[in-house]
Amino acid sequence: MFSVEPTATDVGPFTHFSREQWSAAAPQTPLPLTPEDVEKLASLGDPIDLAEVDAIYRPLSALLQLYMDSTRRNAAGRQTLLGEPYQRPTPFVIGIAGSVAVGKSTVARLLQLLLSRWPRTPRVDLITTDGFLLPNEELKRRGILGRKGFPESYDRRALLEFVARVKAGESNVEAPVYSHVIYDIVPGKHLTVSHPDILIVEGLNVLLPARTGPGSLGVSLADYFDFRIYVDADPKDIERWYVDRFLQLRQTAFTNPASYFKNYASLTDAEAIETAKGIWRSINLPNLVENIAPTRPRATLVLKKDSDHLIEDIFLRKI
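Residues numbered from 1 in each chain as written. Predicted model: local features only at pLDDT ≥ 70, side-chain atom pairs only at ≥ 80, totals over all residues. Heavy atoms only, no water.

Quick word on the overall build of the protein
When its secondary structure is counted, the protein shows nine helices and nine strands. Since a compact globule built from 319 residues should have a radius of gyration of about 20 Å, the 20 Å found for the protein is in line with a globular shape. Along the first, second and third principal axes, the C-alpha set of the protein runs to 65 × 45 × 40 Å. Long-range pairs, those at least 24 residues apart, make up 73% of the contacts in the protein between residues at least 6 apart in sequence. With the model as given, the accessible surface of the protein reaches about 15,400 Å², and the carbon-plus-sulfur share is 53%. Looking at the protein, you have 37 positive and 39 negative side-chain charges, and the mean spots of the two groups are 5 Å apart. (Helix = DSSP H or I, 4+ residues; strand = E, 2+ residues; numbered from the N terminus. Rg over C-alpha atoms; globule rule 2.2 N^0.38 Å. Contact = heavy atoms within 4.5 Å. Areas by Shrake-Rupley, 256 points an atom, 1.4 Å probe, with all protein chains shown as cover. Lys, Arg positive; Asp, Glu negative; His and termini not counted. Charge placed at Lys NZ, Arg CZ, Asp CG, Glu CD.)

Set out below in structure tokens:
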């Protein structure tokens, strides 16, 4: 029987905000989005509206601006104190972690749009760690295709190198592209990142600590993050959202002849539900319990959803 570790407030120095307490900060900052913007950004199976953006993400965007401004002030103060030559500010890197189907992608895309409309951060790039999954052929060779999404299924060295190079201010840093249609890396296709004001890195295991032991990297991806977000929910709710999303995909993306999952399109409702639950319980739930949920205490901010996808509790790490 699987269980998830205690919430962030049980194991770390966090301040808890109820939804009402958090949203009280919303009037202090503008909301540069329209209902049409939000509708375009909403991911499949993760309903969101302007009211949720106003209550939760409007204060969050302002908080992120405070953190980024503080980082830049510290850098400028150090240059003055030590007589260092002027250097372009390094990108402010935000990591977003959480389970499959919990809504990480929606959080990432909303923040990208919100932050890009602030005058001080016009360039906000977003990458997902899916692009650093090992190709299917390599996963098959290693016998771990059924563990796609687990830490060992990623080219962790390449991912770490990518973020390190962006953080160091290098130009034209390329990341591989992953297709959820073909369920694999797209050969020869890359996403290029060059001097963003903010880089958002979204993925299941982005808050994992560094590996230890012989041959370890000695540094983790999260070491390059200036702000860490964990999107949380009850695993039973996430399972329901995963099944609902699977049923919708069966009628949409799975019908694409090029889809890796095209055979699922012909399943009956009962068969689709049983298949989705089997995938969740054999792959996604174990990954959540073993690898993802234990990283929650490493977050700067935990967004806890209720059964309706609304964020009801926010935990912010104390300074």
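Next comes the rest of the account.
A short note on the sheet that holds strand β2 (residues 92–98)
Spatial strand order, β1-β9-β8-β7-β2-β6-β3: seven strands in an open sheet with mixed pairing. The open sheet has two free edges, formed respectively by β1 (14–18) and β3 (124–128), since each of these has just one partner strand. Taken over all neighbouring pairs, the strand axes of this sheet differ in orientation by 20° on average, direction set aside. The sheet contact formed by β3 and strand β6 (residues 198–202) spans five bridges and is parallel. By the bridge assignment for β6, Val 124 is matched with Ile 198. The strands touched by helix α4 (residues 50–82) are β2, β6, β7 (227–232), β8 (301–305) and β9 (311–317); relative to β9, the strand with the most contacts, the crossing angle is about 10°. (Pairing = 2+ DSSP bridges. Axes fitted to C-alpha atoms, helices over the stretch in contact; angles between N-to-C directions.)

Looking at the pattern of salt bridges
By the definition in use, this model includes 16 salt bridges. Between Lys 167 and Asp 226 there is a salt bridge; the shortest N-O distance is 2.5 Å. Linking Lys 167 in helix α7 (residues 156–167) with Asp 226 in the loop between β6 and β7, this pair joins segments that are 59 residues apart in sequence. Between Asp 232 and Arg 296 there is a salt bridge; the shortest N-O distance is 3.0 Å. One end of the pair, Asp 232, is in strand β7; the other, Arg 296, is in the loop between α9 (269–292) and β8, with 64 residues separating them in the sequence. The exposure class of Asp 232 is buried, given its relative accessible area of 5%. One network of salt bridges, with partners in common, ties together Glu 138, Arg 141 and Arg 142. (Salt bridge = Lys/Arg side-chain N within 4 Å of Asp/Glu carboxyl O. Buried < 20%, exposed > 50% of the residue type's maximum accessible area, 1.4 Å probe, protein only.)

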